[in-house]
Amino acid sequence: MINFIKKEVRENKSIYIVAFFSFLILAYTHFNTFVANDDLPYSFFYRGSDRITSLGQVLANQLADYKNLNARFFVHCILQSVLIFGKSLWSILNPLMIVISIVMLLKIIKLKTKNFNNFLSVIIFISCFLLMINYKWVIYWVAGSINYVWVFTFLSIILYLFYKYGFCKYKVVNTIIIAILCAICECTMVFTICFVICNFVLSIIKNKKIDYSYFIYFLGFLGSLVLLLSPSTALRMGSDEVWSSLSLIQKLLTSIPVVSKNLFNLTNIYNILPYIFIFSVIANLRKLNTKYSNISILIIIINIVLIYFVNNNWLYFTLTLLLVNGEFYCHIKNNKTEFLNLSLAMYAVIFFNILIPLYYAARPNYYFYLYMIFYFVYTLNYLDILNEFKENRIFIIIVLLPFLTLFGNEIYVYTKIGNYYSERLKEIEEYKNTRNGDLILTKIPEKYCNYHIDINEPTKDWFTYKYFLDYYDLDENTNIIFK
């Protein structure tokens, strides 16, 4: 094990150095956030007035929630266990999960490209991750991060093992892993089912025969019954009466353009990653330089121009189809069919939402945005762009400047948020000493709303108001005003 670790660190030294540096900064920024409204109910036993203090309470609580509230039993057991320690444990573990997922994705790229540039790749990947401004509220939200960031980290580890060892060995172990992925979360359930089926089809095409031993993996799909047969799933699906009253066609006509725009919103100034992803697809198509690839590029550009001049969200869906076509064409032409299942599964995670009432929530976009970064860094290495400039000091400076600037912005923003939160804690303590009038809490400027969920909540009519009072040991008749 020691020799393995030494070899791993020696071969990927620059990746681990940058990753450790990033972990330290992210840990600092995480400690400057506060427990969000939606985290508060999970902090209490049976959503009562007593804080959860033991794993036994967590299990009992989640058995009740599984029946009445949410089917993510395993993930929410982790969530409530972490919240026993407030935000301290999460502030260390969440940065670690982020760094692990980035390292795993980089190692997949390294497996599948020649002359992989460790240093520039990790710098660019982390810079792009810091550009996910629209999803900082998920990343820095305890419940949101455990449901999406942590689960994706587990998935990224499994993906790395798949791309390194394949599905050929340890079939029983792999089947158990598939079952776990199908059982823990809707995103991994959809991803895994699509990924495994696509891999099966590709193996038939490649080998021109059916490997019947592969069918054992389909047994792993039974893990999805944990989510699908939960009583809480039926309750959540029927919670929106208007949505439930629509026919399937009406639902699709309503949700598809919204989901597509949420994924590739080109008019949002904070949404840089779709442009990076589109550039990657176009760069790969241009490298092929065939008649079909050049026509595909032209149509993609025309579609983008129309988005700016025509207010129709269906143009985002046509853009999605064009990008899928471009990706698949390049992978097939470049004999990189092993990425077809990854791409298709990522799109499946996003467009599975067109069938549910919360189709507009866009939280699963976290998966696809990391895939966008993955595809961008893969493209830079596959087309050997990074190695062409690795000795160019100006290019290295150009790469390092956004990295340092974005981390500087991260430190600045979360230091400000941390200062506001410290001020609020002082205001709460002062109020508890006097108990006079309303509790006046300092309002955080709205410009920070992308960086933290519900920065100026809860309001009195919101269901988490009671838990806010209990969490900070305030009287039930306390009136809170953000000012």
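No experiment lies behind these values; they were computed from the predicted model shown. (Residues numbered from 1 in each chain as written. Predicted model: local features only at pLDDT ≥ 70, side-chain atom pairs only at ≥ 80, totals over all residues. Heavy atoms only, no water.)

A. Structural view of the packing of aromatic side chains. Scanning all chains against the criterion turns up 50 aromatic pairs. A centroid spacing of 5.4 Å and a plane angle of 85 degrees characterise the contact between Phe200 and Phe218, whose relative ring orientation is edge-to-face. Remark: Phe218 occurs in helix α12 (residues 216-219) and Phe200 occurs in helix α11 (residues 186-207); sequence separation between them is 18 residues. Ring geometry for Tyr292 and Tyr329: centres 4.7 Å apart, planes at 45 degrees, overall tilted. (Phe/Tyr/Trp six-rings, centres within 6.5 Å; stacked < 30°, edge-to-face > 60°. Helix = DSSP H or I, 4+ residues; strand = E, 2+ residues; numbered from the N terminus.)

B. Quick look at a positive patch on the surface. Taken together, the side chains of Lys6, Lys7, Arg10 and Lys164 present a region of like positive charge at the surface. Per element, the largest residue contribution to the positive patch is three residues, and it comes from helix α1 (residues 2-11). Residue position: Lys164 is located in helix α9 (residues 142-165). (Patch = residues over 30% accessible without salt bridge, like charges linked within 9 Å, V, L, I, M, F, W, Y side chains within 5 Å. Areas by Shrake-Rupley, 256 points an atom, 1.4 Å probe, with all protein chains shown as cover. Salt bridge = Lys/Arg side-chain N within 4 Å of Asp/Glu carboxyl O. Lys, Arg positive; Asp, Glu negative; His and termini not counted. Charge placed at Lys NZ, Arg CZ, Asp CG, Glu CD.)

C. Fine view of helix α18 (residues 291-309). Spanning 19 residues, α18 covers 28 Å between terminal C-alpha atoms, matching the ideal 27 Å at 1.5 Å per step. Listed in full, the buried residues belonging to α18 are Ser293, Ser296, Ile297, Ile300, Asn303, Ile304 and Ile307. Considered in projection along α18, the buried side chains sweep an arc of 125 degrees and stay on one side of the axis. Among the exposed residues of α18, those pointing more than 90 degrees away from its buried face are Lys291, Leu298 and Phe309. (Expected span 1.5 Å × (residues − 1). Buried < 20%, exposed > 50% of the residue type's maximum accessible area, 1.4 Å probe, protein only. Arc of directions from axis to C-beta.)

D. Representation of the side chain of Ser101 within the structure. Here Ser101 is to be found in helix α6 (residues 88-112). Under the relative-accessibility criterion, Ser101 is labelled buried at 0%. When residues no more than four places from it in sequence are discounted, the contact partners of Ser101 are Phe152, Thr153 and Ser156. (Contact = heavy atoms within 4.5 Å.)

E. Representation of the layout of surface pockets. Estimates place the volume of the largest pocket at around 1,400 Å³. Along its surface, the largest pocket is lined by 48 residues, and Asn70, Arg72, Arg236, Leu358 and Arg363 are the ones closest to its centre. Sorting the residues of the lining of the largest pocket by element identifies α3 (39-42), α5 (73-83), α9, α11, α13 (225-228) and α14 (231-237) as the ones contributing at least two each. Partitioning the lining of the largest pocket into residue classes produces 28 nonpolar, twelve polar and eight charged. Estimates place the volume of the second largest pocket at around 670 Å³. Phe162, Asn199, Leu202, Ser203 and Lys206 are the residues nearest the centre of the second largest pocket, which is lined by 22 residues in total. Tallying contributions element by element places α11 first for the lining of the second largest pocket, with six residues. When grouped by side-chain class, the residues that make up the lining of the second largest pocket number nine nonpolar, seven polar and six charged. (1 Å grid on protein atoms, 1.4 Å probe; cavity = no way out; pocket = protein on both sides within 12 Å on 5 of 7 lines; lining within 4 Å. Points joined across faces, edges and corners; volume = space filled by probe spheres on them. Nonpolar A, V, L, I, M, F, W, Y, C, P; charged D, E, K, R; others polar.)

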